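Remarks on the overall topology
Single-letter residue listing:
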Amino acid sequence: MNDLTTRTFENSNLNEATERIYVLQKDVNESLLSIAGVSGEVAKNETYKEDGFKNAQEWLMKTFGYKKSTAYSMVKIGKEYLVVEIDRTLPIYVSIFKNHKTDEDFSLTQLEKLLPLGKERIELLLSTGDLNYSMTVKEIKELVANTKLLDKEETETETEETEPETEETEPETKEKEKHCNATIEICNDCIFVNDEKYG
């Protein structure tokens, strides 16, 4: 969204319209973060119970018509990823990842897509520059998918390292006492039997 403020057009009316929409988009994002923040407070304080709701998500769904997945994401983000700040004497919610020097912050949709990573991983990716506030939702989805894939590969590698690399077997055959000794190795998803590659 920050790119819009630096972009100028030849038509002054288009420049004005662009600036107005930028401000409106910023207001919408602040409103959505505030809705999530208030929802998180309702969940933390369990203020939904007295009126018969099972949880804050049910309150959001029945009162405001949010879909189940949206309600769950908003409550989780509100509880774990948002803090209250005072802006022009009004309380607003911002993410715990907000850059106060540049005034950059994630949108609710960006935070929703980042949820699978957890706080520590998000902070790490921000600090290394692999994640930034101007990334599109598509780019964030790809980053999350790639990060999860790397985690899975690391886990599989650790598992392989704890397993023995070679096994000797002596399979029985139906023929007369014929024994066969073979060396089997598994390396990089390939099977080697007596140093011959299979697969």
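Overview of the structure. (Residues numbered from 1 in each chain as written. Predicted model: local features only at pLDDT ≥ 70, side-chain atom pairs only at ≥ 80, totals over all residues. Heavy atoms only, no water.)

Attention now moves to the side chain of serine 107. Residue position: serine 107 is located in the loop between β2 (90–95) and α5 (108–114). Among residues more than four places away in sequence, those in contact with serine 107 are Asn29 and Leu33. (Helix = DSSP H or I, 4+ residues; strand = E, 2+ residues; numbered from the N terminus. Contact = heavy atoms within 4.5 Å.)

Tracing the backbone through its elements, the reader meets phenylalanine 97 in the loop between β2 and α5. Phenylalanine 97 sits in the buried class, given a relative accessible area of 4%. Measuring from C-alpha to C-alpha, the distance between phenylalanine 97 and tyrosine 133 comes to 9.5 Å, with 36 residues separating the pair along the chain. Those residues in contact with phenylalanine 97 that lie beyond four places of it in its chain are Tyr81, Asp105, Phe106, Leu111, Lys119, Ile122, Glu123, Leu126 and Tyr133. (Buried < 20%, exposed > 50% of the residue type's maximum accessible area, 1.4 Å probe, protein only.)

Turning to the nonpolar core, a few remarks are in order. One recurring pattern in soluble globular proteins is that nonpolar side chains are buried together. Grouped together as the largest cluster of nonpolar side chains are 31 residues, with contacts concentrated most on Ile77, Leu114 and Leu131. Residue assignment for this core shows that the elements contributing at least two residues are α2 (12–45), α3 (56–64), α4 (68–80), α5, α6 (119–128) and α7 (137–162). Among residues more than four places away in sequence, those in contact with leucine 114 are Phe106, Ile122, Leu131, Ile140 and Val144. (Core = buried A, V, L, I, M, F, W, Y, C linked by side-chain atoms within 4.5 Å.)

Compared with an ideal rise of 1.5 Å per residue, which puts 34 residues at 50 Å, α2 spans 49 Å between its outermost C-alpha atoms and is within 8% of the ideal. Listing the buried residues of α2 in full gives Thr18, Tyr22, Asn29, Glu30, Leu33, Ser34, Ala36, Gly37, Ser39, Gly40, Val42 and Ala43. Among the residues of α2, the N-terminal cap falls to asparagine 11, whose side-chain oxygen and the backbone nitrogen of asparagine 13 are separated by 2.7 Å. Glutamate 46 occupies a position one or two residues after α2 and carries a positive phi of about 55 degrees. (Expected span 1.5 Å × (residues − 1). Polar contact = N/O pair within 3.5 Å; in protein donor to acceptor, adjacent residues only side chain to side chain.)

On to the pairing of β2, then. Two elements, strand β1 (residues 82–87) and β2, share six bridges in a ladder whose sense is antiparallel. Bridging across to β2, isoleucine 86 finds its partner in proline 91. (Pairing = 2+ DSSP bridges.)

Considering all chains together, one arrives at seven salt bridges under this definition. Residue lysine 76 pairs with glutamate 80 through a salt bridge whose shortest N-O separation is 3.1 Å. Linking lysine 76 with glutamate 80, this pair stays in helix α4, spanning four residues, or about one helical turn. Given the relative accessible area of 29%, glutamate 80 is considered partly exposed. With a shortest N-O distance of 3.0 Å, aspartate 103 and lysine 98 are connected by a salt bridge. Given a relative accessible area of 15%, lysine 98 falls into the buried group. (Salt bridge = Lys/Arg side-chain N within 4 Å of Asp/Glu carboxyl O.)

On their own, these measurements won't tell you what the molecule is for.
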